[in-house]
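Reading the structure
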Amino acid sequence: MRPSRYWPWIFLGGWFAWVVGVWIHGFRPDLLGRSFDFEKAGQFGDSFGPLSALMAALAAVGAWFALQQSREHAFEATFYSLLEHHNSIVAAAGFKSSKQTKNSDGKTIKEKGDTYEGREAYRRLLRSLRSTIASMKGEDDLEKVLKGYSRFFDRYEDKLAHYFRTLYHIVLYIHRSKVNDKQLYFRILRAQLSNSEQILLLYNAVAGKGFWKFKELVEIYSLLHNVRFKEVGSLWEASILKSHIGTKAFRENDAEKWPTAEDVRKAVKVEEKTGVSL
């Protein structure tokens, strides 16, 4: 449970009030005006020995909490700034499709197709990656995935390298921080990733340069928690890549399943009986 943000200031305020009381008690009038009697102030402070110790302790605790909150606020400001930068990269992404047609001589030529932007661009990139892997020759499926992803990355490096570097440094920033609830920030980060982005992250972690540093963090913090493999064309990810990364990366559980009719009826009965909504 996170302490109230007001407690540090209450502690510090109480300590300050005690110091002011000692200070005021030490003043005494004389012929030349007012002067400070350190002995009298000390006697006053000593007369509240336990209270003095308590106020000093409260002040120390208040200062510590204030410092912790200051660090957490600084962390949050940087985190959301990085997240905004990541989203701007996604929004600026573009992908131009191409299509094959035949000219009047019967020769096959490539023509420019539609332009896709934002998250739709990453969906199209994933489709292009799957086609590239399918065109690879070789008996070993894993080798085909590795070669296909390498060729695909070389073709779209200007779009993917910046994206993965930014995402990696956001994850590393949270990982190295001293915030109490790291999972909260990882849940916020995961919520920003579309299914296509998560699958591309899986490729990067298993078949790309992310294998050396990013893969471990993907596993530790379940960064593929929301990924789905039931869409058309997900054969390479579901049958090959998924088995080459730790199961914790997905953290599949019942919360991701569709409710049955019996689940819905049971929830209504519980709510009617207890007044508590599930």
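Residues numbered from 1 in each chain as written. Predicted model: local features only at pLDDT ≥ 70, side-chain atom pairs only at ≥ 80, totals over all residues. Heavy atoms only, no water.

Concerning the overall build of the chain
- Each helix and strand in the chain was counted, giving 11 helices and 4 strands.
- Across the 278 residues in the chain, those meeting the buried criterion constitute 35%.
- Contacts in the chain between residues far apart in sequence, at least 24 positions, make up 66% of those at least 6 positions apart.
- For the chain, the exposed surface amounts to about 18,000 Å²; the carbon and sulfur share of it is 57%. (Helix = DSSP H or I, 4+ residues; strand = E, 2+ residues; numbered from the N terminus. Buried < 20%, exposed > 50% of the residue type's maximum accessible area, 1.4 Å probe, protein only. Contact = heavy atoms within 4.5 Å. Areas by Shrake-Rupley, 256 points an atom, 1.4 Å probe, with all protein chains shown as cover.)

Observations concerning the packing of helix H6 (residues 157–176) against helix H7 (residues 182–191)
- Remark: H6 packs on H7, axes separated minimally by 10 Å, with the N-to-C direction vectors making an angle of 165°. In terms of orientation, H6 and H7 fall into the roughly antiparallel class. The handedness of the crossing between H6 and H7 comes out as right-handed. Across the interface between the two elements, Leu167, Ile170, Val171, Ile174 and His175 of H6 pack against Lys182, Tyr185, Phe186 and Leu189 of H7.
- Tallied by class, the residues present in the contact of H6 with H7 amount to 7 nonpolar, 1 polar and 1 charged. (Axes fitted to C-alpha atoms, helices over the stretch in contact; angles between N-to-C directions. Parallel < 35°, antiparallel > 145°, perpendicular 65-115°, else oblique. Left-handed = near helix turned anticlockwise from the far one by under 90°. Nonpolar A, V, L, I, M, F, W, Y, C, P; charged D, E, K, R; others polar.)

Looking at the nonpolar core
- In this structure, Tyr203, Phe214, Val218, Leu224 and Ile245 are the most contacted members of the largest nonpolar core, which totals 56 residues.
- Those elements that place two or more of their residues in this core are helix H3 (49–92), helix H4 (119–134), helix H5 (141–155), H6, H7, helix H8 (195–207) and helix H9 (214–220).
- No other element matches H6, which puts 10 residues into this core.
- Beyond its immediate stretch of four places on either side in the chain, Phe214 contacts Phe164, Leu167, Tyr168, Val171, Leu201, Asn204 and Leu223. (Core = buried A, V, L, I, M, F, W, Y, C linked by side-chain atoms within 4.5 Å.)

Describing H4
- Between the first and last C-alpha of H4 there are 23 Å, a value that for 16 residues agrees with the 22 Å anticipated at 1.5 Å per step.
- Those residues of H4 lying buried are Ala121, Tyr122, Arg124, Leu125, Leu126, Ser128, Leu129, Arg130, Thr132 and Ile133. (Expected span 1.5 Å × (residues − 1).)

Considering the packing of aromatic side chains
- Taken as a whole and assessed by the stated rule, the structure comprises 15 aromatic pairs.
- Measuring from ring centre to ring centre gives 6.1 Å for Tyr149 and Phe152, while their planes differ by 40°; the resulting arrangement is tilted. You can see Tyr149 and its partner Phe152 sitting in helix H5, 3 residues apart, about one turn around the helix.
- On the numbers, 6.0 Å between centres and 40° between planes, the contact of Tyr149 with Phe153 is tilted. (Phe/Tyr/Trp six-rings, centres within 6.5 Å; stacked < 30°, edge-to-face > 60°.)

Quick look at the packing of H5 against H8
- Where H5 meets H8, the axes come as close as 10 Å, and the angle between the chain directions of the two elements is 115°. Between H5 and H8, the crossing angle belongs to the class labelled roughly perpendicular. The handedness of the crossing between H5 and H8 comes out as left-handed. Taking contact as the criterion, the partners of Val145, Leu146, Tyr149 and Phe152 in H5 are, on H8, Leu200, Tyr203, Asn204, Val206 and Ala207.

A closer look at the side chain of Ser196
- Its place among the elements puts Ser196 in helix H8.
- Judged by relative accessible area, Ser196 falls into the buried class, the value being 7%.
- Once you skip the residues sitting within four places of it in the chain, Ser196 turns out to touch Tyr122, Arg123 and Leu126.

Bear in mind that shape data such as this cannot, by itself, settle questions of function.
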